[in-house]
Amino acid sequence: MNRLEGSIPPSLQNCFKLQGVSLSINMLSGGIPEEMGTLKNLQILLVAENNLHGTIPVSIGNMSTLERFSLVDNKFTGLTTLDLSRNKLNGSVPTELGTLQKLQTLYLTRNYLTVQSPLWANTSLFNISSLRVIAIVNNSISGDLPSNMGLWLPNLGRDIFWGQSNRWKYSCLLIKLIEIVSTGHI
């Protein structure tokens, strides 16, 4: 913690060889400058636990070398779709995704992510009640989806693509129907 105040300077774009930015646990305000997306060598961008707000710039998607990105405990709005497909991401599904409470669509296909049974104990995805679409096909996913997933993710309105191929399709409506039949509650 450095107690830095003010905003993230857009002039950081001039540091084209910059590989890491760690500004977490400060008192920064404002948003993430759109210019940050021009940092092609940036591997780490940590801005957790600040007072940042606004929308997350689309240009962040241009950071092809970004490996670690943390926005936890800020006041960002407007992020409803996150597509991290085909990025060679590995390891566990990031728990930070569970903090994106307005997220409606999540694509994590064709990476090297892992989740093992029981899924609801190992991922924060089930904390995002606003999710409507989840696509995690072609990763190292094992295990089954929980039968009461419709209770955790009540807004899923399209198929969930889970596992190694599209044969692992689960319709949320079917999951809700199973839950209604098994519990007797709507």
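These numbers come from a predicted model, not from an experiment.

Within the protein chain, the regular secondary structure consists of 3 helices and 15 strands. Across the 186 residues in the protein chain, those meeting the buried criterion constitute 39%. Carbon and sulfur atoms provide 51% of the accessible area of the protein chain, an area that totals close to 10600 Å².

Take the side chain of Thr109 next. Locating Thr109 in the fold gives a position in the loop between strand S10 (105-107) and strand S11 (112-115). In this structure the side chain of Thr109 is engaged in a polar contact, spanning 2.8 Å, whose partner is the side chain of Ser85. If near-sequence neighbours (up to four positions away) are discounted, Thr109 is found in contact with Ser85, Arg86, Ala135, Ile136, Val137 and Asn139.

Attention now moves to the side chain of Ser24. Following the sequence through the fold, Ser24 ends up in the loop between strand S2 (20-22) and strand S3 (27-30). In terms of polar contacts, Ser24 uses its side chain to reach the backbone amide nitrogen of Ala48, at 3.0 Å. With near-sequence residues (within four places) excluded, Ser24 lies in contact with Leu46, Val47, Ala48 and Asn50.

Turning to the layout of surface pockets, a few remarks are in order. Empty space among the atoms becomes apparent when a probe as large as a water molecule is rolled across them. Empty space within the largest pocket amounts to approximately 1100 Å³. Within the residue set of the lining of the largest pocket, elements represented by two or more residues are strand S6 (68-70), strand S8 (81-83) and strand S9 (90-92). Classifying every residue of the lining of the largest pocket by side-chain character gives 18 nonpolar, 9 polar and 5 charged. Within this model, the second largest pocket holds a volume of roughly 230 Å³. Along its surface, the second largest pocket is lined by 15 residues, and Phe76, Thr77, Thr99, Leu100 and Gln101 are the ones closest to its centre. Its residues assigned to classes, the lining of the second largest pocket comprises 7 nonpolar, 5 polar and 3 charged.

Below, the discussion takes up the sheet that holds strand S5 (residues 51-54). Taken in spatial order, the 4 strands line up as S1-S3-S5-S7 in an open sheet, and their pairing is parallel. Two strands in the sheet have a free side with no partner beyond their single neighbour: strand S1 (5-6) and strand S7 (75-76).

In this section: the nonpolar core. Where a protein is soluble and globular, its nonpolar side chains tend to be buried together. With 35 residues, the main nonpolar core has Met36 and Leu45 as its most contacted residues. Among all residues touching Met36, those that are not within four sequence positions of it are Ile8, Leu12, Leu42, Leu45, Ile60 and Met63.

Let us look at the pairing of S5. Note: S3 against S5, 2 bridges, orientation parallel. In the strand pairing of S5, Ser29 is matched with Asn51. Sheet analysis places S5 next to S7, joined by 2 bridges and oriented parallel. The residue bridging Gly54 from the neighbouring strand is Phe76, located in S7.

On to the confidence of the model for the protein chain. The predicted model of the protein chain averages 75 in pLDDT, with 73% of residues at 70 or higher. Averaged over each element, pLDDT in the protein chain is lowest for helix H3 (residues 172-183) (42) and highest for S3 (95). Low confidence marks residues 163-186, where pLDDT is under 50. Its contacts with residues over four positions away, or in another chain, come to 45 contacts.

The rules behind the values
Residues numbered from 1 in each chain as written. Predicted model: local features only at pLDDT ≥ 70, side-chain atom pairs only at ≥ 80, totals over all residues. Heavy atoms only, no water. Helix = DSSP H or I, 4+ residues; strand = E, 2+ residues; numbered from the N terminus. Buried < 20%, exposed > 50% of the residue type's maximum accessible area, 1.4 Å probe, protein only. Areas by Shrake-Rupley, 256 points an atom, 1.4 Å probe, with all protein chains shown as cover. Polar contact = N/O pair within 3.5 Å; in protein donor to acceptor, adjacent residues only side chain to side chain. Contact = heavy atoms within 4.5 Å. 1 Å grid on protein atoms, 1.4 Å probe; cavity = no way out; pocket = protein on both sides within 12 Å on 5 of 7 lines; lining within 4 Å. Points joined across faces, edges and corners; volume = space filled by probe spheres on them. Nonpolar A, V, L, I, M, F, W, Y, C, P; charged D, E, K, R; others polar. Pairing = 2+ DSSP bridges. Core = buried A, V, L, I, M, F, W, Y, C linked by side-chain atoms within 4.5 Å. pLDDT = per-residue confidence, 0-100.

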